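So the chains spell out like this:
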Amino acid sequence: MANLKLGAIADDKPVKVTVELPASVHRDLVAYSEIHGRETGQSVADPARLIAPMIERFMATDRGFAKLRRASGRDGRMGSPGPSIPSDRPAGAAPRHASREAE
């Protein structure tokens, strides 16, 4: 028996989000749903219900995300602003469009 990263699906109040998936990802999602149902004994009528727990698991195990989230003080508690998208340049670095001074 393989260990899936996704455990039981929590029944929580959802927020509606629309997403388009490539056909290959949808096929894999359907296959994962079938395997998940066999492994957990909890069948999922709509494979799309797996997307939120998968994203949640991904973010919970992303060390870079956790580190940046802690550094920004955005820990996800009630009243805190949501996570920000980190810049791809180091803190304190000059903007990309800044010109270099003549040497």
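Enquirer: Could you clarify how one ought to interpret the nonpolar core in this entry?
Expert: The tendency in soluble globular proteins is for nonpolar side chains to be buried as a group. Counting five residues, the largest nonpolar core is built from Leu 6, Ile 9, Leu 29, Val 44 and Leu 50. If near-sequence neighbours (up to four positions away) are discounted, Leu 29 is found in contact with Leu 21, Pro 47, Ala 48, Leu 50, Ile 51 and Met 54.

Enquirer: How should a nonpolar patch on the surface be read in this particular structure?
Expert: On the surface, Val 19, Leu 21 and Val 25 cluster together into a nonpolar patch covering about 230 Å² of accessible area. Locating Val 19 in the fold gives a position in the segment before α1 (23–40).

Enquirer: Looking at this structure, I do not really get α1. What am I missing?
Expert: Each turn of an α-helix holds 3.6 residues, which means side chains three or four residues apart point in the same direction. Along its 18 residues, α1 runs 25 Å from first to last C-alpha, staying within 8% of the 26 Å computed at 1.5 Å per residue. Those residues of α1 that sit buried are Leu 29, Ser 33, His 36 and Gly 37. Looking down the long axis of α1, one finds its buried residues gathered within 100° of arc, a one-sided arrangement. For α1, exposure combined with an orientation more than 90 degrees from the buried face picks out Arg 27, Asp 28 and Arg 38. Contact partners of the buried residues in α1: α2 (51–60). At the exit of α1 stands Gly 41, carrying a positive phi of roughly 75°.

Enquirer: Could you clarify how one ought to interpret the side chain of Ser 33 in this entry?
Expert: Counting through the fold element by element, Ser 33 comes out in helix α1. Not counting residues within four places of it along the chain, the set of residues in contact with Ser 33 comprises Val 44, Pro 47 and Leu 50.

Cut-offs applied
Residues numbered from 1 in each chain as written. Predicted model: local features only at pLDDT ≥ 70, side-chain atom pairs only at ≥ 80, totals over all residues. Heavy atoms only, no water. Core = buried A, V, L, I, M, F, W, Y, C linked by side-chain atoms within 4.5 Å. Buried < 20%, exposed > 50% of the residue type's maximum accessible area, 1.4 Å probe, protein only. Contact = heavy atoms within 4.5 Å. Patch = residues over 30% accessible without salt bridge, like charges linked within 9 Å, V, L, I, M, F, W, Y side chains within 5 Å. Areas by Shrake-Rupley, 256 points an atom, 1.4 Å probe, with all protein chains shown as cover. Salt bridge = Lys/Arg side-chain N within 4 Å of Asp/Glu carboxyl O. Helix = DSSP H or I, 4+ residues; strand = E, 2+ residues; numbered from the N terminus. Expected span 1.5 Å × (residues − 1). Arc of directions from axis to C-beta.

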